[in-house]
Amino acid sequence: MKKQLQVPHLLLFSMVLASEIGSTLEYPVVISTWPFLEAVRAAWRAVDSGFSAVDAVVEGCSACEKLRCDGTVGPGGSPDENGETTIDAMVMNGVTMEVGAVAAMRYVPEGIKAAKLVLEYTKHTMLVGDQASAFAISMGLPGPINLSSVESTEKWMKWKENYCQPNFWKNVTPGDNCGPYHPNGPSIGRCLMANELQPNEFGSVNVGLHSHDTISMAVIDQVGRIAVGTSTNGATFKIPGRVGDGPIAGSSAYADSEVGACGATGDGDIMMRFLPCYQVVESMRLGMEPKLAAKDAISRIARKYPGFIGALFAVNKSGIHAGASHGWTFQYSVRNPGMKDVEVFTVHP
């Protein structure tokens, strides 16, 4: 069913004016990290039939959750140290700047819809853990449901057999091969060493194409409103309770309808320390083209963490898009009115 759009007079005037002066505005537009073609198609069908940017983002990310894209989105993938799958998701409305997010959510498979419920029916930005699950179920989403799958359980068992390696601990000694873990020694105050001023040499050793990933999607709808959304089941074998960059506005995604949007993927534990998507949008606000804004945001992280793995896409309010990556070859998917189907763009580090 098509939704009836209530188009503000100012937006209608802007659209007519743009047409009269021969503008090259290219929307609606759907952009997503990675070749998640069916997710982009689902979002495109929604926005092309008149859905708002927010609703189209939810349609696209929801499709990826159901398809379990790469085993890293939706239920059934990325077990934590206890073998359990949990969900992080976020939706941001670039007109109102409202955000709805859930993190470390258990027992509820539809992360993006839960995030939208937070946006629509609460004055909060994020709910977490079992309370997020209870909220989502109380608002009508299915659950409680075991989010593990045969594949995720087998992956976890093989990891246990490999002495729980690799993992995300540091500076600890395990009680046995798989913990419990204890600090190597007491934290002692000391003077700052000169070498601590150098770039961090630790890379994204536990992050790869299939160990951790996110769908990050941006949509510009028929009247130029912009929204973004993300969904992920986080880093494989993460420490229980870990929240990545997926539900953090400004990190995994950010949108401002006056400027544009950004979506990111990669080592969220590092990337979220820099809010790269907020940086991209603010750079574009100051006049930087999407390509330069994306490269600048990635380079800021690489200067501090030369070994990190990550990437992002940038799109301005006119639909011009670009990507940047570090440590891996990145692909993102686009559909706009000039394309017959989704097209995949490749970005080399």
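Residues numbered from 1 in each chain as written. Predicted model: local features only at pLDDT ≥ 70, side-chain atom pairs only at ≥ 80, totals over all residues. Heavy atoms only, no water.

Peer 1: Teacher, can you tell me more about the overall build of the protein here?
Peer 2: Across its full length, the protein holds 9 helices and 14 strands. Sequence separation of 24 or more characterises 65% of the internal contacts of the protein that already satisfy a separation of 6 or more. Counting only carbon and sulfur atoms, one obtains 56% of the accessible surface of the protein, whose full area is about 16,300 Å². (Helix = DSSP H or I, 4+ residues; strand = E, 2+ residues; numbered from the N terminus. Contact = heavy atoms within 4.5 Å. Areas by Shrake-Rupley, 256 points an atom, 1.4 Å probe, with all protein chains shown as cover.)

Peer 1: Mind showing me how you'd approach the side chain of T230 here?
Peer 2: Among the structural elements, T230 can be located in strand β8 (residues 226-232). Within the structure, T230 has its side chain in polar contact with the backbone oxygen of G246 (distance 2.5 Å). Other than its neighbours up to four places away in sequence, T230 contacts C61, D88, A89, M90, I112, T214, I215, S216, G246, P247, S252 and A253. (Polar contact = N/O pair within 3.5 Å; in protein donor to acceptor, adjacent residues only side chain to side chain.)

Peer 1: Can you help me understand unusual backbone geometry in this one?
Peer 2: Phi is mostly negative for residues that are not glycine, and the peptide bonds are mostly trans. Omega for the bond connecting G143 with P144 falls within 30 degrees of zero, at 0 degrees, which places this linkage in the cis form. Within the secondary structure, P144 sits in the loop between α5 (129-138) and α6 (150-161). Cis rather than trans, the peptide bond between G179 and P180 has omega equal to 5 degrees. Examined against the element boundaries, P180 turns out to sit in the loop between β5 (172-174) and β6 (181-183). Of note, the phi angle at M97 is positive, near 65 degrees, even though the residue is not glycine. If you trace the backbone, M97 turns up in the loop between β2 (87-93) and β3 (99-105). Despite not being glycine, L275 shows a phi value in the positive range, around 45 degrees. If you trace the backbone, L275 turns up in the loop between α7 (268-271) and α8 (276-285). For L275, a relative accessible area of 34% corresponds to the partly exposed category. (Buried < 20%, exposed > 50% of the residue type's maximum accessible area, 1.4 Å probe, protein only.)

Peer 1: What should I look at first to understand the environment of Q279 in this one?
Peer 2: By the element assignment, Q279 lies in helix α8. In the structure, Q279 is positioned 15 residues away from A294 in sequence and 8.7 Å away in space, judged by C-alpha atoms. The contact partners of Q279, leaving out residues within four places of it in the chain, are D296, A297 and R300.

Peer 1: When you look at the nonpolar core in this model, what are you seeing that I'm missing?
Peer 2: In globular proteins that are soluble, nonpolar side chains generally tend to be buried together. Counting residues in hydrophobic clusters, the biggest one holds 86 residues, and the most contacted among them are M217 and V219. Counting residues per element, this core draws most heavily on helix α3 (residues 53-67), at 7 residues. Excluding residues that lie within four positions of it along the chain, V219 makes contacts with V29, V30, A43, V47, A53, A56, V57, R225, I226 and A227. (Core = buried A, V, L, I, M, F, W, Y, C linked by side-chain atoms within 4.5 Å.)

Peer 1: Whenever I open this one, the pairing of strand β9 (residues 253-256) confuses me. Can you help?
Peer 2: Every second residue of β9 is oriented toward a common face, with A253 and A255 on one face and Y254 and D256 on the other, all of them buried. Where β9 and strand β10 (residues 260-266) come together, 4 bridges link them in antiparallel fashion. Pairing of A255 across the sheet is with A261, part of β10. The hairpin turn running from β9 into β10, its antiparallel successor, is 3 residues long. (Pairing = 2+ DSSP bridges.)

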